[in-house]
Amino acid sequence: MFSNLLIWFVIVPIIMMAGLACCGNSNMKAIRAVMVTCSTVLLGMAIWLVCEFLRLRGAGDTSEMLFQGSWMWYEPLNIHLAVGVDGISVLMLLLSAIIVFAGTFASWKISPLPKNFFLWFALLSTGVFGFFISIDMFTMFMFYEVALIPMYLLIGVWGTGRKEYSAMKLTLMLMGGSAFLMLGLLGIAWHSGSAGVPEWNILQIAHNNSIDPSWQNLLFCFTFVGFGVLGAMFPFHTWSPDGHACAPTAVSMLHAGVLMKLGGYGCFRIAIYLLPSAAQELSWIFIILTGISIVYGAFSACVQTDLKYINAYSSVSHCGMVLFAILMLNQTAMTGGILQMLSHGLMTALFFALIGMIYGRTHTRDIRQMGGLMKIMPYLGVCYMIAGFASLGLPGMSGFVAEMTIFFGAFEDSDLFHRIFVIAATCSIVITAVYILRVVGKLILGPVQDEHHLSLTDASWWERLSTVTLIVCLAGIGFFPNWINETIQNSFVPIVNALQAAI
Amino acid sequence: MGITLPILILALPFTMFLILGIGGVKMSRKLAGTLGILANGALAVMAYIVAFTYFFSGEAQFILDGVRQQVQLFDVTWLAFTERMVVNIGFLLDPISAMMLVVITTISFMVHLYSWGYMEHEPGFQRYYAFLALFTFSMLGLVVATNIFQMYIFWELVGVSSYLLIGFFYKLPSAVSASKKAFIVTRFADLFMLIGILVLSYYVSHTPADGPLGGASAFNFMMLNAQPTNVLASTLGATFLSGSVLTWAMILIFVGGMGKSAMLPLHIWLPDAMEGPTPVSALIHAATMVVAGVYLVARFFPLYCIVPDSLTFITVVGAITAFYAAVVACAQIDIKRILAFSTISQIAFMMVALGCAYNEPIEGVHYSGLGYMAGMFHLFTHAMFKALLFLGAGALIHAVHSNDYTKMGGLRKYMPITHITFLIGCLAIAGIWPFSGFFSKDEMLAAMFNRHWFWGAWMTMVAGLTAFYMFRMYYLVFWWEENPEYKTSHHKPHDAPWQMSLPLIILAAVSCVAGFIPFGELVTYNGEPYHIHIEAPVAATSLTVAVLAIGLATAMYVKKNPWPTRLKNMFPALWQAAHRRFYWDEIYMFITHNIIFNIICRGIAWFDRHIIDGAMDGMAAVTNWCSVRIKGMQSGTVTAYVRWYFIGAVLLAAITWICLL
Amino acid sequence: MDLTILWYIVPSVIMFCAGVYGFCTRKNMIALLISLELMLNSADLNFIVFNRFLFPGTMDGMVFTLFAIAIAAAETAVAIAIIINIYREIGNTDITSVKQMKF
């Protein structure tokens, strides 16, 4: 069991938690040592996994999932701890590792209770990594819940503003989504199992493809709404602005950067892959909702004054784009959706890291009270502009690649309904430019608003490390998108085949 | 030709951007400036080598049987959407891209040199050179694009470099809002271009791969332009609002060009863009980036010809814009604004010329492709003399510290070099023989008269207006009445240092001789050489109109006199409207601010806060209310519990009883 | 006149109802306890009577009743202990004044 590389993505965070538990309560040195060591190890493992994955694929291993392993966990219900990765999950693991790494440095000086903060942080990452490696729906769901629960405490204890309200709202809404999800997953498991034994393995379910179409429709709605809540789909997005606004920096990063990706990932891996005929039939409902998300989030972001709210609404718009792309049900658009997940993950993490750093200095997030930060903290100002350009889809940044892939893919669906929504979605590139430049113009450029800010300092080394990591990744995808694009496209072949067979 | 030079041409400016952008903070001004200028000089040399090799080497890959060829020097895959939609990054060499290489690197080098003096005392000198390098890189990438998507990529990049450079003085709120406006307006136009590309590539990529289009990427210019009729055929007769899909796609793509080239009604960003440093205005907003729209039309010329409606559209947009901008330019005070509107008008001139061209012989017209050649010729000459005028304006602003001509007057004694070069620029733009503008404008007007007398007459009138407003500005700045402050001031206005004067002199020299370049031998729509000859009637008409207009300007503005004010007071409404640019900005402000921002955005935000959030909070409130209501039963009184218990027991018994019966 | 089962059941029911009524209406805890005992004893009586009439050969009901009486005694002891403690705490044995057991 331990010879499987993937298992270590769960074990390392657990070791991290054990290590943290041994540290003294306020022994910052020891806590940081544990965090930095383990997150570096995770990042190294993720990079190695990507290389190994590409090597195996290059060597002609065409099985759908690599590094597979399956261990019986609870026999009567046929629950396994089953792991395996395809190109998409590999990239998601890499994304998570990068953001955990950057998040560690972004919360270098967290207080109070640093040890407890990092304990919950580590538990959250355990859940995230576990989710992406699982191919057994039950363990997947379990890790999903493991990732959600720490959120409540992380926001409730270390947050700012109306933190109790936001934490409660976020947790309740996501739990509501989980309830739908649980129903959907149980339905899928029992309907695809045989002889009274449920089937939880995703590959097996897809292979059997034995769910009755009329049941598929119901289950599709359940699972898509369940994951859609986490993917901030209109009208279930409202936890996101409040939650992000109140969460501490690293938590916002991890939440917007990775946790919201769980939603998108689940949508195609479970809702679409396992229920293809329902996806063909019902995708229009969700195309309407996600289409609204895209435009609606962008318009809302235009009038916000709190930096975090702006980014939270922009996340609604960008994550809407992810689900929108996935619902187009063709290979190119879905590939774009995954690229958008990666791009949005990195970009939003960068944004929230920077907002945290700015807030840590100015103690306000209201853009009306700040201005001309470029003069005071040029490094952070430049980084903020880079993040902004990535967000509005500047070529050379990952956002451009993702958005273009989505638009060109989505345009393949040639009926009028799809066309109208694709064109509506393309409008978001203008609205995004409006709200990004509005913030950049007010916050970074222009005259200095508050004289007290003049004495503030620029970024410290750990902040620079955190931001540079993210910027390098953003530009990396933006400049050399093709290998990622190919990796993702190849991974979509079985899903697209399943969808074709279901027409 | 190998691929080393082409790659270097793209790689060098980008590397400079990275070096100056990342390491600039640690560099001295001198080092950064020297590096920037040297790199750009090397770049110019390389571009010249490439262009000269292309035009004059006579290699078979460049010129075959007297016809200039399109050559893709390299073309590597960058991103593959689908099998047929592959985005390549490459280097396409053909007459117009070779010509643009020369224009861009020349002007860029002049501006680099000029900025050495102009920006000497500005903070962020290194950053400025980094942005210039970024712009040069993007613009070069745009003109050598092998496919429409590569063009779109660099199209966005020039947009952002323009944003960064307009907002260079980032502490000024006006610069910040001008840069924002420029970016958003052009982005809005790019949205249409993107949709146009989406439509075009969808239809092209869905033609069977073994068909007439071959297996090439649906974005590739050479493939699209080589077989325009097949592109049209590939749309399978699909129509939208009674226009063929291809017409719509080409018009949508042109809207992107309208944004970048500041055509009506998307022109509003260009006058505001003058907030940027003046050398930047010369480079980006006069000579190179704003002609991207013209370049785009020229690049897609065969496709535009296949749907003549789109050519008509281009002509109409260009004609209206040219006239509008010329009228507005007559009523501006800020000299950079006058030049900006003049740029808009001149670019529109090129658009009309392109719109009047056609790639098939037309009956009664001896050369139907004349407009194409003339438009490109004017692009070339205009880049030179407009850059000259802007750099001259920069020298004036540098000396007087103001943009308004009301603060100038009588400067010819103080700034002789600037005066002479500026005059040359004005003569060139007015179209006076033997300056370069005369030749290109004559060809353009000839092409328009060929197409229809109306376009010719209309544009001749615009040419007259051009001569008038340029000389109005010239006289108000250099003659009129000497500003009395000069006499008393300690710092008398004086000519700029050599770094600034040298580019002026070089560009003035180019403007004097560029007209004699046998442009038709080099750049034509189909690569076959065309021998330019002056059309006597057209030349005579335009020259007469120009001289008359200059005469009128001389009469009105050479000496201080009350006539201009009196004229202004005669038509106050007209003057006011022209001065306020016919209220376009106010209209846009109303739409964006009052309607989109205040009604739509605020409305949605309100909806989100109160309806969506309210629904969630409402669910919580209902749950809470129910719980408060029910908890009264949990009174703590034991007897009450017993009562409930008995009632429950009796009810259960009753139900059981009923069920058993 | 035979002593039919009714002669036993009816007093038992009366006892039970009296207990219920007392439990619901009285306020003194001792009275509540007495009402409780009444209900318990009516149940015990039923055990014995049904055992005697329906399964005459067996002793199950009798044994069960003995158990119940023993447990009831223990229960009463606990109840009185609680009542005494409450009395010490609040100075009376009124059931309406003990309302803390909620929410």
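First things first, this report covers the structure right here in the doc. (Residues numbered from 1 in each chain as written. Chains lettered and ligands numbered in written order. Predicted model: local features only at pLDDT ≥ 70, side-chain atom pairs only at ≥ 80, totals over all residues.)

1. Re the overall build of chain A
1) Next: Scanning chain A from N- to C-terminus turns up 20 helices and two strands.
2) Next: Whereas a compact globule of 503 residues would reach a radius of gyration of roughly 23 Å, chain A reaches 22 Å, a difference of no more than 12%.
3) Next: Burial status across chain A gives 64% buried among its 503 residues.
4) Next: For chain A, the proportion of contacts with a sequence separation of at least 24, taken over those separated by at least 6, is 80%. (Helix = DSSP H or I, 4+ residues; strand = E, 2+ residues; numbered from the N terminus. Rg over C-alpha atoms; globule rule 2.2 N^0.38 Å. Buried ≥ 20, exposed ≤ 12 C-beta atoms within 10 Å, placed from the backbone. Contact = placed C-beta atoms within 7 Å.)

2. Topic: the overall build of chain C
1) Next: Along its length, chain C carries three helices and zero strands.
2) Next: Ordering the α and β elements of chain C from the N terminus gives α-α-α.
3) Next: Against the globule reference of 13 Å for 103 residues, chain C gives a C-alpha radius of gyration of 17 Å, more extended than a compact globule.
4) Next: Across its three principal axes, chain C shows a C-alpha extent of roughly 50 × 25 × 25 Å.
5) Next: Scored against the burial criterion, the 103 residues of chain C give a buried share of 10%.
6) Next: Of all intrachain contacts in chain C linking residues separated by at least 6 positions in sequence, the fraction that spans at least 24 positions is 47%.

3. Some words on the environment of Val25 of chain B
1) Next: Locating Val25 of chain B in the fold gives a position in the loop between helix H1 (4–23) and helix H2 (29–56).
2) Next: A C-alpha to C-alpha distance of 9.6 Å links Val25 of chain B and Phe125 of chain B, two positions 100 residues apart in sequence.

4. Comments concerning the nonpolar core
1) Next: In terms of nonpolar packing, the biggest core is built from 457 residues, with Leu354 of chain A together with Val297, Met351, Val352, Ala353 and Ala387 of chain B touching the most fellow members.
2) Next: The leading source of residues in this core is helix H16 (residues 370–400) of chain B, at 22 residues. (Core = buried A, V, L, I, M, F, W, Y, C linked by C-beta atoms within 7 Å.)

5. Some points on the environment of Gly84 of chain A
Residue and element names in this part refer to chain A.
1) Next: With respect to the element layout, Gly84 can be found in strand S2 (residues 79–85).
2) Next: Take Gly84: there are 22 C-beta atoms within 10 Å of it, and that puts it in the buried class.
3) Next: Along the backbone, Gly84 and Met65 are 19 residues apart, and their C-alpha atoms lie at a distance of 5.4 Å.
4) Next: Leave out the neighbours within four places in its chain, and Gly84 touches Met65, Leu66, Phe67, Gln68 and Ile135.

6. What to know about the packing of helix H3 (residues 95–118) of chain B against helix H21 (residues 498–513) of chain B
All names here are of chain B.
1) Next: Close contact between H3 and H21 brings their axes to 7 Å; oriented N to C, the two are set at 150 degrees. It follows from the interaxial angle that H3 and H21 lie roughly antiparallel. Helix-helix and strand crossings are classified by hand; for H3 and H21 the assignment is left-handed. Residue-level inspection shows Met110, Leu113, Tyr114, Trp116, Gly117 and Tyr118 of H3 in contact with H21, the latter providing Gln499, Met500, Leu502, Pro503, Ile506 and Leu507.
2) Next: Per-class residue counts for the contact of H3 with H21 are 10 nonpolar, two polar and no charged. (Axes fitted to C-alpha atoms, helices over the stretch in contact; angles between N-to-C directions. Parallel < 35°, antiparallel > 145°, perpendicular 65-115°, else oblique. Left-handed = near helix turned anticlockwise from the far one by under 90°. Nonpolar A, V, L, I, M, F, W, Y, C, P; charged D, E, K, R; others polar.)

7. Here's the deal with the interface of chain B and chain A
1) Next: Across the boundary between the two partners, chain B contributes 37 residues, which contact 37 residues of chain A.
2) Next: Contributions of two or more residues to the side of chain B that touches chain A are made by strand S3 (71–80), helix H5 (148–166), helix H6 (173–205) and helix H26 (584–631) of chain B.
3) Next: Of the residues belonging to the side of chain B that touches chain A, the class tally is 26 nonpolar, four polar and seven charged.

8. A look at the pairing of strand S1 (residues 66–74) of chain A
Residue and element names in this part refer to chain A.
1) Next: Sheet analysis places S1 next to S2, joined by six bridges and oriented antiparallel. When the sheet's bridge partners are listed, Trp71 is paired in S2 with Leu81.
2) Next: Joining the antiparallel neighbours S1 and S2 is a turn of four residues, in which Asn78 adopts a positive phi near 65 degrees. (Pairing = 2+ DSSP bridges.)

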